[in-house]
Amino acid sequence: MKKGKFIVFEGLDGSGTSTQSQLLQNALLEKGEKVHLTCEPSSGPIGNMIRQAMQGRILFSKQDDEFDQQMAYLFAADRYDHLNNPVDGVLKLVNEGFYVISTRYFFSSLAYHVTDDDSSKLVERLNSDFPNPDLLIYLDNPVESSIKRLNSRTVLDKYEEENKLKIVSGNYQKIISEYNGEKLILSALDSKKNIHSEIVKKVESI
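Residues numbered from 1 in each chain as written. Predicted model: local features only at pLDDT ≥ 70, side-chain atom pairs only at ≥ 80, totals over all residues. Heavy atoms only, no water.

A. How the structure looks around the overall build of the chain. Broken down by element type, the chain carries nine helices and five strands. Along the chain, helices and strands appear, N-terminal first, in the series β-α-β-α-α-α-β-α-α-β-α-α-β-α. Scaling as 2.2 N^0.38, a compact globule of 206 residues should have a C-alpha radius of gyration of about 17 Å, and the chain matches this with 17 Å. The dimensions of the chain, computed from C-alpha atoms along their principal axes, are 50 × 40 × 35 Å. Here the chain holds 206 residues, and the buried ones make up 50% of them. Pairs at least 24 residues apart make up 75% of the contacts formed inside the chain by residues separated by at least 6 positions. Of the accessible surface of the chain, which amounts to about 10600 Å², a share of 49% is contributed by carbon and sulfur atoms. Each charge sign in the chain was given a centre, from 25 positive and 30 negative side chains, and these centres are 5 Å apart. (Helix = DSSP H or I, 4+ residues; strand = E, 2+ residues; numbered from the N terminus. Rg over C-alpha atoms; globule rule 2.2 N^0.38 Å. Buried < 20%, exposed > 50% of the residue type's maximum accessible area, 1.4 Å probe, protein only. Contact = heavy atoms within 4.5 Å. Areas by Shrake-Rupley, 256 points an atom, 1.4 Å probe, with all protein chains shown as cover. Lys, Arg positive; Asp, Glu negative; His and termini not counted. Charge placed at Lys NZ, Arg CZ, Asp CG, Glu CD.)

As structure tokens, this is what we get:
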């Protein structure tokens, strides 16, 4: 059986990762490939807890001071389940020949949960054992553009505000530039059609 591929989309909120992951799914399905579209936080039990916490429906004991640290632990636990669960785990599906396309992976934790040296060491340690994807696709979007796109949403979570996104954007630039795995960096300001075309070409090349 042909082994599949694990493809990850990353970028600031509002950069178009969800749209492009769906377009890639459709393109691969049209070619007869097996495809599984997923995201992080996952749809598993820990992932659902994370979503509620980010929306303020679950309150932690020290919501403001330690939110990023608590999220880092929860995301790592959710990520482990996302990769390894025996029902629809990423690794299981890849071994069965699926293209698994995920919006967000450990790169997001390094971008969103790091504010200083201590938090960087914690997040790196929690995510050190997770495998690299076969392809990382980063949609580079200016903070101002992300804010403009997010303003159209009815509900924003704790990470979707300007000051936080500026920190996240700086973290992403460092992470992506230092990452040595297979990657594709595209401007999120380009047209959906052009972005999709470049993505398909890159996926075909791997």
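We are not done yet, so read on.
B. The packing of helix H3 (residues 67-84) against helix H6 (residues 117-127), seen in detail. Relative orientation of the contacting elements H3 and H6 amounts to 10°, with a least axis distance of 10 Å. The orientation of H3 relative to H6 falls into the category roughly parallel. Across the interface between the two elements, Gln69, Ala72, Tyr73, Ala76 and Arg79 of H3 pack against Leu122, Val123, Arg125, Leu126 and Asn127 of H6. For the contact of H3 with H6, the residue count by class is six nonpolar, two polar and two charged. (Axes fitted to C-alpha atoms, helices over the stretch in contact; angles between N-to-C directions. Parallel < 35°, antiparallel > 145°, perpendicular 65-115°, else oblique. Nonpolar A, V, L, I, M, F, W, Y, C, P; charged D, E, K, R; others polar.)

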